[in-house]
Amino acid sequence: MNISVLTLFPEWILQGVNISVVGRAIQNELLTVSAINIRDFSYDKHKRVDDYPYGGGAGMVMQAAPIYRAYQTLMDKIQSTKSKVKMIYCTPQGDPFDQKMAEKYSKEEELIFLCGHYEGIDERVLEMIEMDWVSIGDYVLTGGELPALVMIDSIARLIPGVLHNQDSANQESFQGSLLEYPHYTRPQSFQGKTVPDVLLSGHHEKIENWRREQSVLRTFERRKRLLDQADLSEKEKEQIAQWESEKGL
Ligand code: ADE
């Protein structure tokens, strides 16, 4: 997969992706990440990319032209390779990012992120470019760079070969809409707290059953609404109904 990020802070993106799992994926050529500086596409002699808002008000607005030129230059390059492109605009006004979106985007060949800064981007360029508007949560950041890095991290780890153990991508929190079961490693006793016996039993089926039950219980206790989308057995549904009646729900 190739990821390109249109940004005013390319070094922020490049420093963020060259670490840990994503950094290794790039080194192993499973992924490329390039950052394109929107400022390079300003025709202004001072390389300005923002201006005052029409109608007045606080803050500056990113101009349409440099963004559009950066986008077109990138698209010309990508389209000469005939790859399909998906573009994401990082904005608190977007659809909430979740694991399902990460899975969908991880199957794309070419992803482009557009990161805004200042108060916003001239609406006309947002109308001209076909993009998914995506938010990483209901809070406002200074720009789209951290959201782009968050999304790149969660997308990259789903690309086949990026995680050493692909099972860990498939089993964990949110895959199947359940939270992950608790983990333990050595020592067996830490400050008097011991590891659950079943994990020491060597009995694989019992361990699997215990982990599944813990996943369902955790989801019930912490993120109950996720259970509506989870694939549950009849027995698990009965168990949940029992927990609900015990809690007087
Ligand atoms: N840009 C600023 N805040 C954001 C958010 N919460 N999600 C995506 N992009 C943003």
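Residue numbering note: each chain is counted from 1, following its sequence as written. Residues qualify for local features only when their pLDDT is at least 70, as the model is predicted, and side-chain atom pairs are given and counted only at 80 or more; totals for whole chains, interfaces and linings, by contrast, use all residues. Hydrogens and waters are ignored; side-chain quantities use all the structure's heavy atoms.

Visitor: Is there a simple way to explain the site of the ligand in this structure?
Guide: We call a residue near a molecule or strand whenever a single non-hydrogen atom of that residue lies within 4 Å of it. Neighbouring the ligand are the residues C90, T91, P92, V134, S135, I136, G137, Y139, V140, L141, G143 and P147. Here I136 contributes a backbone N or O atom positioned 3.0 Å from a nitrogen atom of the ligand. One of the backbone N or O atoms of L141 is found 3.1 Å from a nitrogen atom in the ligand. Areas reported here follow the Shrake-Rupley algorithm with a probe of radius 1.4 Å; residue values treat only the protein chains shown as occluding. Relative to its free-state accessible area of 260 Å², the ligand is covered by the protein chains to the extent of 96%. Each helix is a run of DSSP H or I of at least 4 residues and each strand a run of E of at least 2, with the numbering of both proceeding from the N terminus. Within the residue set of the shell around the ligand, elements represented by two or more residues are β5 (85-96) and β8 (132-135). Among the elements that make up the shell around the ligand, the one with the highest residue count is β5 (3 residues). Side-chain atoms alone can form a polar contact between residues adjacent in sequence; in general such a contact is a pair of N or O atoms within 3.5 Å, and within protein one must be able to donate a hydrogen while the other accepts it.

Visitor: What exactly am I supposed to notice about the sheet that holds β5 here?
Guide: The strands making up a sheet associate through backbone hydrogen bonding, with each pair oriented either parallel or antiparallel. Pairing between strands is defined by DSSP: at least two bridges between the two strands are required. Strand order in the open sheet formed by 5 strands is β2-β1-β6-β5-β8, and the pairing between neighbours is parallel. Of all the strands in the sheet, just β2 (32-37) and β8 have a single pairing partner and so form its edges. Going across the sheet, the axis of each strand differs from the next one's by a mean of 30°, ignoring polarity. As paired strands, β5 and β8 are joined by 5 bridges and run parallel to one another. Within β8, the position partnered with Y89 by the bridge is W133. Two residues form a contact once any of their heavy atoms are found within 4.5 Å. The axes used here are C-alpha line fits, helices contributing only the stretch in contact, and every angle between their N-to-C directions lies in the interval 0 to 180 degrees. With respect to the sheet, helix α3 (residues 64-79) is in contact with β1 (2-7), β2, β5 and β6 (110-115), its orientation differing from that of β6 by roughly 170°. The strands touched by helix α6 (residues 145-156) are β1, β5, β6 and β8; relative to β6, the strand with the most contacts, the crossing angle is about 160°.

Visitor: Looking at this structure, how should I read the packing of helix α1 (residues 10-17) against α6?
Guide: Helices that pack against each other are described as a pair by the angle of their axes relative to one another and the distance between those axes. Viewed as axis vectors pointing N to C, α1 and α6 meet at an angle of 30°, and their least axial separation amounts to 10 Å. Relative to α6, the element α1 lies roughly parallel. For the crossing formed where α1 meets α6, the hand is right-handed. Here W12, I13, G16 and V17 of α1 come into contact with α6, specifically with E145, L146, A148, L149 and I152. Residues are sorted three ways: Asp, Glu, Lys and Arg are charged, Ala, Val, Leu, Ile, Met, Phe, Trp, Tyr, Cys and Pro are nonpolar, and all the rest, Gly among them, are polar. Residues belonging to the contact of α1 with α6 are distributed by class as follows: 7 nonpolar, 1 polar and 1 charged. What sets the label is the angle itself: under 35 degrees gives roughly parallel, over 145 gives roughly antiparallel, 65 to 115 gives roughly perpendicular, and the rest give oblique. A clockwise turn of the near helix away from the far one marks a right-handed crossing, whereas an anticlockwise turn of less than a right angle marks a left-handed crossing.

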